[in-house]
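Understanding the architecture of this molecule
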Amino acid sequence: MADIIQLLPDHVANQIAAGEVVQRPASVVKELLENGIDAGADTIKLIIKDAGKTLVQVIDNGKGMSQTDARLSFERHATSKIRCAEDLFQLHTKGFRGEALASIAAIAHVELKTKQEQDDIGTCLVIEGSNVVSQDVVVTPTGTSVSVKNLFFNIPARRNFLKSDTVELRHVIDEFHRVALAHSSISFALYNNGSEAFNLPISNYRQRIVNIFGNKTNEKLVPVEEDTEVLKISGFVGKPEFAKKTRGEQYFFVNDRFIKSAYLNHAIASAFEGLLKNGTHASYFLNLTVNPQTIDINIHPTKTEIKFDDEHTLYALLRSAIKHSLGQFNIAPVLDFERDPNLDTPYNHKNKDTHIPKVEVDKSFNPFQEETASKARAVAYKKEPTTSWESLYVGLESKGNDSKQDFTEVQFESEEQTASIFDDDNQVEQTNTTYQIHNKYIVSAIKSGMLVIDQHRAHQRVLYEDFLKNLTIKEAASQQLLFPLQLHFSPQDIAIINQLKDDLEHTGFVFSSVNNESIDITGVPIGVPESEVSIILEQLISDVENEVPDSHFSASDLLAKSMAISLAIKTGQSLQKDEQEHLVNKLFACKEPNVSPTNRTTFITMSVDELDKKFI
């Protein structure tokens with residue numbers, strides 16, 4: 001029998017490796033930015049076109065590469081970061097595997113320009129699908145410029161799996177934020193389709209956070225500092241009142257490397273226990289510095305997962321450090337039963353100088369002097385005697401047979417009238433046909449048996465079709481607010497709201513102004529409480545960022561779906577009889593009453609025969 005095992009060609013092996021290293025344009029951005037940081041650059045520019053599908057270019061002013069290094073950098077497992085296996089436990093660089101450039105070159109058109117400071121001219125290398133097309137000398141500034149064009153050009157299936165430009169751009173911006181937050185000592189700039197999106201100068205950590213997420217973020221931050229032999233913690237956590245429904249602004253950095261850790265995230269959640277509303281998540285930007293020998297980074301190609309030697313100690317230190325900061329800055333209440341509140345210095349006297357108190361004595365005061373008669377004396381209150389109970393009925397007795405009371409002439413107060421949501425009572429049949437169970441399901445009797453409706457999903461369907469109709473007809477009613485509502489968002493969130501502004505106005509929102517960091521709302525759709533507006537917009541932004549496009553995808557559909565889910569009555573809400581019947585009638589007036597906007601069943605039916613079988 002012939003041998004069947006053979007070595008794969010290099011270009012096939014590179015394409016297989018690319019599946020792990022390069023998942024989307026954001027993966028290319030991450031690898032190229034980290035290469036620029038490892039090269040010692042203090043200025044890095046990122047240029048994006050079509051969310052990275054057409055072009056991802058990173059320009060840095062690092063130390064550059066020689067002609068030989070430039071050619072060797074695209075070979076698999078070729079790296080300048082480590083020399084031996086022991087170096088894996090002393091990592092101070094971002095990359096160390098030597099797979100990134102080889103994987104990127106296998107599935108894209110790559111152009112590399114690089115020059116070292118001591119050289120007069122640099123090197124230009126052009127590679128298409130692992131094949132070197134050309135290598136020439138070129139005039140270029142010191143540093144490296146890598147252009148990645150037409151990503152996944154030779155793997156059309158992978159390119160088809162990419163999501164919309166909005167979603168892919170959001171992933172690119174997320175990677176840009178992670179790298180920029182970890183290195184505030186480096187200047188970063190991001191250009192998207194020819195326009196400048198971010199320009200982050202060299203600054204301290206707090207300024208870098210504010211430059212990325214907006215000036216309003218400054219008042220939300222609480223500093224966290226802790227230095228022990230095991231762990232050094234520095235950074236900021238967000239105040240509880242600014243907690244969000246989404247987990248967007250949560251960043252862990254270990255030795256200047258972004259990581260994801262559900263275990264450490266739980267430590268922060270436990271530190272905020274009792275301070276956050278249900279369903280909200282605190283923001284944090286924390287840098288953890290540990291001994292490189294106590295962690296293992298080489299467990300996942302994206303390097304976002306890390307194994308720690310002693311996670312329990314890190315958990316306890318992180319939790320206590322955050323609780324200490326929240327208490328130190330009077331974010332969390334502190335109970336001290338031995339403290340005497342009478343000894344506290346009033347806040348308005350905190351910075352005033354102390355003075356010796358002056359004692360004034362009335363020298364003319366004589367304790368043995370009798371009071372004069374002219375002084376006013378207190379007069380005792382004289383209580384009036386109460387009349388007997390018989391006086392309450394005076395005048396009610398009859399004064400003879402000829403003067404009998406005629407009760408037919410007595411007029412009584414009319415019964416209390418309550419407003420009804422229906423103009424005509426005949427419109428609603430007064431029969432108890434619906435019942436609510438556990439404030440979650442509505443049960444209604446039908447001819448063939450019984451109908452059980454999920455009130456939350458049913459209301460989602462009703463609202464979804466109403467909003468979609470308003471967006472299509474563009475004649476939605478709006479209720480004006482007495483005072484304008486000002487909401488603050490990050491610049492990238494404001495950009496999403498600008499994209500959806502016309503559709504939001506068709507649903508009933510009225511915007512008076514939209515700035516770089518805030519929006520002013522003067523009107524909201526009818527039935528939307530003012531307190532829910534920020535929650536609706538946050539959920540909408542999150543849905544836009546994570547939406548998977550399909551053949552029926554449109555901004556109007558997404559907007560209607562997101563608002564319906566946010567405003568639908570929740571499980572556990574008690575409904576009156578009229579409300580139950582109204583919801584049932586509205587549901588079956590919909591075009592597709594069987595499923596919610598997320599394609600989940602809204603109701604089930606049980607026939608009498610099925611019920612009879614339960615009692616056999």
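Residues numbered from 1 in each chain as written. Predicted model: local features only at pLDDT ≥ 70, side-chain atom pairs only at ≥ 80, totals over all residues. Heavy atoms only, no water.

1. Focus: unusual backbone geometry
Quick reminder of the rule: Secondary structure follows DSSP: runs of H or I at least 4 residues long count as helices, runs of E at least 2 residues long count as strands, and numbering of each begins at the N terminus. Exposure is judged per residue with a 1.4 Å probe applied to protein chains only, and the accessible area is read against the type maximum: over 50% gives exposed, under 20% gives buried, and values in between give partly exposed.
For Asn193, which is not glycine, the phi torsion reads 50° and is therefore positive. In this structure, His438 is a non-glycine residue whose phi angle is positive, near 55°. Relative to the elements of secondary structure, His438 occurs in the loop between β16 (434-437) and β17 (441-446). Look at His438 and you get exposed, because its relative accessible area is 73%.

2. A closer look at helix α8 (residues 262-271)
This is how the line gets drawn: We call two residues in contact when some of their heavy atoms are within 4.5 Å.
All of the buried residues along α8 are Leu264, Asn265, Ala267, Ile268, Ser270 and Ala271. On the buried face of α8, the contacting elements are β11 (250-254), β13 (284-289), β15 (307-308) and α9 (311-328).

3. What about the confidence of the model for the chain?
Note the following rule: The quantity called pLDDT is the predictor's confidence in a given residue, expressed from 0 to 100.
Mean pLDDT over the chain works out to 79, with 77% of the residues at or above the 70 mark. Contacts of residues 418-431 to residues separated by more than four positions or lying in other chains number seven contacts, the stretch itself having pLDDT below 50. Long-range and interchain partners of residues 548-553, a stretch whose pLDDT sits below 50, account for five contacts in this model, where long-range means more than four residues apart.

4. Things to note about the layout of surface pockets
Formally: In this analysis the probe radius is 1.4 Å and the grid spacing 1 Å, with only protein atoms considered; a cavity is a set of points the probe fits into but cannot get out of, a pocket is an open set with protein on both sides within 12 Å along at least five of seven lines, and lining residues have an atom within 4 Å of a point. Grid points are joined across faces, edges and corners, and a volume is the space filled by probe spheres set on the points. For this scheme, ten residues count as nonpolar: Ala, Val, Leu, Ile, Met, Phe, Trp, Tyr, Cys and Pro. Four count as charged, namely Asp, Glu, Lys and Arg, and the remainder, Gly too, count as polar.
Roughly 1100 Å³ of internal volume is contained in the largest pocket. What lines the largest pocket is a set of 41 residues, among which Asp174, Arg178, Arg247, Gly248 and Lys260 lie closest to the centre. Counting residues per element, the ones that place at least two in the lining of the largest pocket are α2 (25-38), α6 (165-182), β11, β12 (257-259), α8, α11 (491-507) and α12 (533-546). In terms of residues, the lining of the largest pocket owes the most to one element, α6, which gives six residues. For the lining of the largest pocket, the class distribution of residues is twelve nonpolar, 15 polar and 14 charged.

5. Quick notes on the pattern of salt bridges
Our working definition: Should a side-chain nitrogen of Lys or Arg be within 4 Å of a carboxyl oxygen of Asp or Glu, the pair is scored as a salt bridge.
Within this structure, the stated rule accounts for ten salt bridges. In this structure, Lys30 engages Glu34 in a salt bridge whose closest nitrogen and oxygen atoms are separated by 3.3 Å. Within this pair, Lys30 and its partner Glu34 are both found in helix α2, separated by four residues, close to a single helical turn. Glu34 carries the same exposure label as Lys30, and that label is buried. Lys244 is the salt-bridge partner of Glu249, the closest N and O atoms lying 3.4 Å from each other.

6. Remarks on the nonpolar core
Rules: As used in this record, nonpolar core signifies buried Ala, Val, Leu, Ile, Met, Phe, Trp, Tyr and Cys residues forming a set joined through side-chain atoms within 4.5 Å.
Counting 54 residues, the largest nonpolar core has Leu32, Leu46, Val148, Leu181 and Phe188 as its most contacted members. Setting aside chain neighbours within four positions, we find Leu46 in contact with Val29, Val56, Gln57, Val58, Val172, Phe176, Ala189, Leu190 and Tyr191. With 32 residues, the next largest nonpolar core counts Leu481, Ile536, Ile541 and Leu559 among its residues.

7. Re the sheet that holds β16
Here is the rule we go by: Two strands are said to pair when DSSP picks up at least two bridges between them. Angles here are taken between N-to-C directions and fall from 0 to 180 degrees, while the axes themselves are lines fitted to C-alpha atoms, restricted in helices to the stretch in contact.
An order of β16-β17-β18-β22 is seen for the four strands of this open sheet, with the pairing classed as antiparallel. Looking at strand neighbours, the two that pair on one side only are β16 and β22 (603-607), the edges of this open sheet. Adjacent strand axes in the sheet meet at a mean angle of 25°, parallel and antiparallel pairs treated alike. Across four bridges, the pairing between β16 and β17 is antiparallel. Paired with Ile437 across the strands is Tyr441, a residue of β17. Those strands touched by helix α14 (residues 577-587) are β16, β17, β18 (449-454) and β22, and its axis lies near 100° from that of β16.

8. Things to note about the packing of aromatic side chains
So the rule is basically this: Working definition: rings of Phe, Tyr and Trp (its six-membered ring) pair if their centres are within 6.5 Å, and the pair is stacked with planes under 30 degrees apart, edge-to-face with planes over 60 apart, and tilted otherwise.
Tallied over the full model, the rule gives 13 aromatic pairs. For the pair Phe213 and Phe285, a centre-to-centre distance of 5.5 Å together with 50° between the ring planes defines the contact as tilted. Of this pair, Phe213 sits in helix α7 (residues 205-213) while Phe285 sits in strand β13, and the two are 72 residues apart along the sequence. Note on Phe213: relative accessible area 6%, which makes it buried. Centre to centre, the rings of Phe588 and Phe603 are 5.2 Å apart; their planes meet at 55°, and the pair counts as tilted. Here the residue Phe588 occupies a position in the loop between α14 and β22, and Phe603 occupies one in strand β22, the gap between them amounting to 15 residues. Looking at Phe603, the relative accessible area reads 17%, which means it is buried. An aromatic cluster is present here, built from Phe213, Tyr251, Phe253, Phe258 and Phe285 joined pairwise through their rings.

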